[in-house]
Structure formats: structure tokens, C-alpha cells
Amino acid sequence: MDKLKCGGIAVLDYGSQYTQLIARRIRELGVYSEVYAYDGSAARINRHDPAGYILSGGPESVYQAGAPCLQRFLLDSGKPVLGICYGMQLLTHALGGLVDSAAQKEYGPATITHAQRSPLFDNLPGELDVWMSHGDRIEAPPPGFAALAESENSPYAAIGDLSRQYYGVQFHPEVNHSPQGKDILANFLFEICRCREQWTPAAFIDDSVARIRKTVGDEHVLLALSGGVDSAVAGALIHRAIGEQLTAIFVDHGMLRLGEADDVIRVFRQEQEMSLIAVNAVELFLDALSGVTEPEAKRKTIGKLFIDVFSAEARKLQDIRFLAQGTIYPDVIESAAGSKAAKTIKSHHNVGGLPADLNFELLEPLRDLFKDEVRKIGEELGLPEAIVWRQPFPGPGLAIRCLGELHWERLEKLRAADAIFASELADAGLLRRGTAQSFAVLLPVKSVGVMGDNRSYEEVIVLRAVTTDDFMTADWARLPYDLLARVSARIVNEVAGINRVTYDITSKPPGTIEWE
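Residues numbered from 1 in each chain as written. Predicted model: local features only at pLDDT ≥ 70, side-chain atom pairs only at ≥ 80, totals over all residues. Heavy atoms only, no water.

Caption draft 1: Representation of helix H5 (residues 181-192) in the model. In this model H5 runs 16 Å from its N-terminal to its C-terminal C-alpha over twelve residues, within 8% of the 16 Å that 1.5 Å per residue would give. All of the buried residues along H5 are Gly-181, Ile-184, Leu-185, Ala-186, Asn-187, Phe-188, Leu-189 and Ile-192. The first or second residue beyond H5 is Arg-194, which carries a positive phi of 60°. (Helix = DSSP H or I, 4+ residues; strand = E, 2+ residues; numbered from the N terminus. Expected span 1.5 Å × (residues − 1). Buried < 20%, exposed > 50% of the residue type's maximum accessible area, 1.4 Å probe, protein only.)

Here's what the structure looks like:
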């Protein structure tokens, strides 16, 4: 058992859209946390000897047939339990309390008051603003439980059995709309579960290096290096553990941003001294994409050809046993991990579809990390800021930001415009802190303009910048007008073939962050 993870918190997923956030908030407090399917085995859920359990929210009603249930071993463990929303109702239902449909639903902001002192609300104001999202409520708590807080529509907004260390809250402390929710979670972790702050980048690296060495032994590992933060950090971490036993393959398909291919090669081959095979397959990809305009067709063409190129290079190597991937924790959770409650959002396999004859074993050292944690690990490993803080970039790259037909001239236009936008955001201090994702899109339409004394008829660039905490929802960034004016002026003056620049002010939903 990894000593780093002992004393953490196991989060049981009952299908809430906020389940990931619970684990994130706990890790932000310096305590390891992992999400498990509510119906997982006791051995799996207890594999890191958690100090306590948190039951997530969920869309079901506990009194309906077939609703997700509470496994008895959780209550028999003698460890603290915190139920959130559905988790609170489930705890109530399992222990003999009454849950029913509420006459008055609560969705959105609410104010709770707590009168009775309890470890859960210690050192917090008597009134707290919280975020509610429920249609059921507690009508009678189980024997041994007391009301710890109430709201206008919930007489049992929080309940607890202090002797058994069972607690429940009807609201969601994990979301930003509950401003002091993190303090409530901290009380559960440190006052009730007696956890210690030991989840740090340095501790993770030490633990991971030891595990990688034990797993790999004298074998060799192959890494598909895209240059994105996940594969880059995975590569740096594995390289620290096993050095020359790692070989990376970087396929330049021509759809990267300005200078990125050269940066990847320089950083990993020269600065990191990694064994790197760089494959220039630009012409191969552009030929395959000629005449392809539908976005899904672009994705499939690029994905298939990438596999073909990567496989061809992999077959040239000898004695490769492991394939390393930059899979991260949201990928694992979004794939539902076998839970009956969680809805599969998308299936993830970073280098999926490799031919069966390659027969690699997977090595995924980042699969327990969220994106912000990956970045912290990258910084601790000494990777340059340009790699660690690279903004999210789609797998097909500029192919789905260059709408319409792909050819080198259009991609170069887009690269140049995108670089101007990025440089101006960086100079304004808005590239890393002020926007979560920002980029340019080239439209397959032309507009009339006047450049000098002549009529022009050229293509159009759209600028896109969003702010978001989780990328599930996003709002368009309110960039300064002067900055947008500078970007527009530079693009139309410096990028041949562009005479109009627009700014996308669509939020997600109803739009998506990417255009294709």
C-alpha cells in the first residue's frame, strides 16, 4: 500500500455532476482523495485505507425502487461518513430516517443557520450562504441524529450523529457557490477524520518514481509525446524514474501551433536529454486530409493516420513492453469506471486502436491526478512554463480550428493569427491567469474590405477566449477593448489573406468552446 495515500478520503459516486469537485476540493486541502463507484467492492474502495468516506449527490430518489444504495461495510467500518445531498438522504434512509419529496424544491442559492455547535461547523459564522440542488428533503432524521443547520425550506439542512461521526448536508459544499464550503470540508477532514496534509507534488513524485521503477524493472517503455501538458509531464516523470529505458515518439502532423514542433523537440531531446524519435509526417497528413471538410471526418482521418505512423515507428524498436500514456483522472472518471450510477460522457484511450500485435502493457502514472495537479507536478519536475502552462489543445490540433478545407497556406494563416493573439494576451498578463482557453479560428468564408486604396476580398479570423473552472461550462472572456483592437490591427496588417477579425461572445452552453 502506498504510504502517501493512507489516511485519505474515499468519495463514493452516486451520479452527481459535482463528484469530481469533491475530490478536487479535498486534494486542494492537502489530503489525497479518490472517487469510486458506489457499488464497488469493499477491497477496491478501501485499498488506500481511507480515514473517512464521503457520499456524493445524485439524481435519484432514495425511496424509489432500484435507487443506488449504501453498502453496509461503510457503516460497519467505524469511520466517519459525510453525506452530501443525495448522500445525506441515503444515509438517513439507510439508518431509519424519513426522506420524502419536498413541497418546495430548492435549486440555487440559499442561506443556512446553524445553532448547535458541532465539529462540522466549528469556527464558522452562524449564517452561511450555500448552493442547494434538491427536490427531496429529510422529514425525520434517523435515531441518534440531531439537526445541525436549517434553511427556509429545509429544517434539516445539516444533520449529525456526533457519537458515531455520521454527518449529512443537504447543500453542496464542494461548489464555488458555497463560499465557505471548503471550510466545512476542512472541518470534516481535519477535525473529524483527523487527516494530515501530505498530498504534495514532491511526495507524489517520490512515490511515483518508486512505483514506476518497481513496475517496469529492467523493461523498456514507449511514450507517445504530443507536446501537450499531460504527455509531457508523464514523460518527464517516467524519465526521472527509468532514464534511458524510456523512448518517446513525437509525430509532427502539421496541425500544431506556431513553433510548437520545434519546442517539443528542443525541450525533450536537448533539455530533458530524452531518447526522442521525431517524425515529420506533415505532407502525409495534408495529402490524406485534402478535400476533407467535415469535422468528424477530419478527426477520424487524423486519428487513423496517427496510429499508422506511430505503429510503424514502434515496430522498428526492440524489447518494448510498456506503452506510456498521459491519462489523467477526469479521463478515468468520465469513462464511468464501471459505475452503474455514473453516466459515460466519453471513452478515453489516448493512443487507442493500436494493432493487437504490438501487445503493450499500459503505464499511466498520472491517472490519479487532475489537470491543475498535473501542472504542479510538471513545475516540480522542472519543465519550462511554456510546456506546463500550455493551454488545452484538441487532439486534431488546428485541423478543427481551420474550418473548411485544409492546406498549408490556410494553416499558416491560422498559425500566424493565433500567435499574435497569444502574444498580446501574454503581454497583458491574460494568457495564463485571465483566460482558461484562447485561440483563433479561420472561417471558410470571405468578406469585402478596403486595404490601402484597393478593394480586398479575404478570409475571416474569429478570436475565442473563455473563462471556466471545469470546462463543463464556460463564459466568454470580457477582454479589454484596447487589447482586441491591437490584436485585430496586427492580424489584418501582418497576416496576408485576412481582412476581418471578429470576437466570439457565445458561452457554453449553448455553444461549445471549440467551433468543430
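Next comes the rest of the write-up.
Caption draft 2: Region of interest: unusual backbone geometry. Here Lys-508 and Pro-509 are connected by a cis peptide whose omega angle stands at -15°. The residue Pro-509 is located in the segment after strand S18 (498-503) in this model. Look at the link from Pro-509 to Pro-510: it is a cis peptide, with omega at 10°. Looking at the element boundaries, Pro-510 is found in the segment after S18. One non-glycine residue with positive phi stands out, namely Gln-165, at about 60°. With respect to the helices and strands, the residue Gln-165 is situated in the loop between strand S8 (158-161) and strand S9 (166-169).

Caption draft 3: Structural context of the sheet that holds strand S2 (residues 33-37). The seven strands are arranged S2-S1-S3-S4-S9-S8-S7 in an open sheet whose pairing can be described as mixed. Strands at the two margins of the open sheet, each flanked by one partner only, are S2 and strand S7 (146-149). Strand-to-strand twist of the sheet, defined as the mean angle between neighbouring strand axes without regard to direction, takes the value 20°. Sheet topology note: the strand S3 (residues 52-55)/strand S4 (residues 81-84) ladder contains three bridges and is parallel. In the sheet register, Leu-55 faces S4, and the bridge partner there is Gly-83. Sitting on the sheet, helix H4 (residues 86-94) is in contact with S3, S4, S8 and S9, with an inclination near 120° to S4. (Pairing = 2+ DSSP bridges. Axes fitted to C-alpha atoms, helices over the stretch in contact; angles between N-to-C directions. Contact = heavy atoms within 4.5 Å.)

Caption draft 4: View of the environment of Thr-473. For Thr-473, the position within the fold is in the loop between strand S16 (454-467) and strand S17 (475-476). Put simply, Thr-473 and Ile-513 are 40 residues apart on the chain and 8.9 Å apart in space, counted from C-alpha to C-alpha. Not counting chain neighbours up to four residues away, the residues in contact with Thr-473 comprise Thr-468, Lys-508 and Pro-509.

Caption draft 5: Inspection of the packing of helix H14 (residues 408-427) against helix H15 (residues 481-494) at higher detail. It is at 10 Å that the axes of H14 and H15 come closest, and there the two elements cross at 150°. In terms of their interaxial angle, H14 and H15 are classed as roughly antiparallel. Both H14 and H15 take part in a crossing whose hand is right-handed. Residue-level contacts link Ala-417, Ile-420, Phe-421, Ser-423, Glu-424 and Leu-425 of H14 to Leu-483, Arg-486, Val-487, Arg-490, Ile-491 and Glu-494 of H15. Broken down by class, the residue content of the contact of H14 with H15 amounts to seven nonpolar, one polar and four charged. (Parallel < 35°, antiparallel > 145°, perpendicular 65-115°, else oblique. Left-handed = near helix turned anticlockwise from the far one by under 90°. Nonpolar A, V, L, I, M, F, W, Y, C, P; charged D, E, K, R; others polar.)

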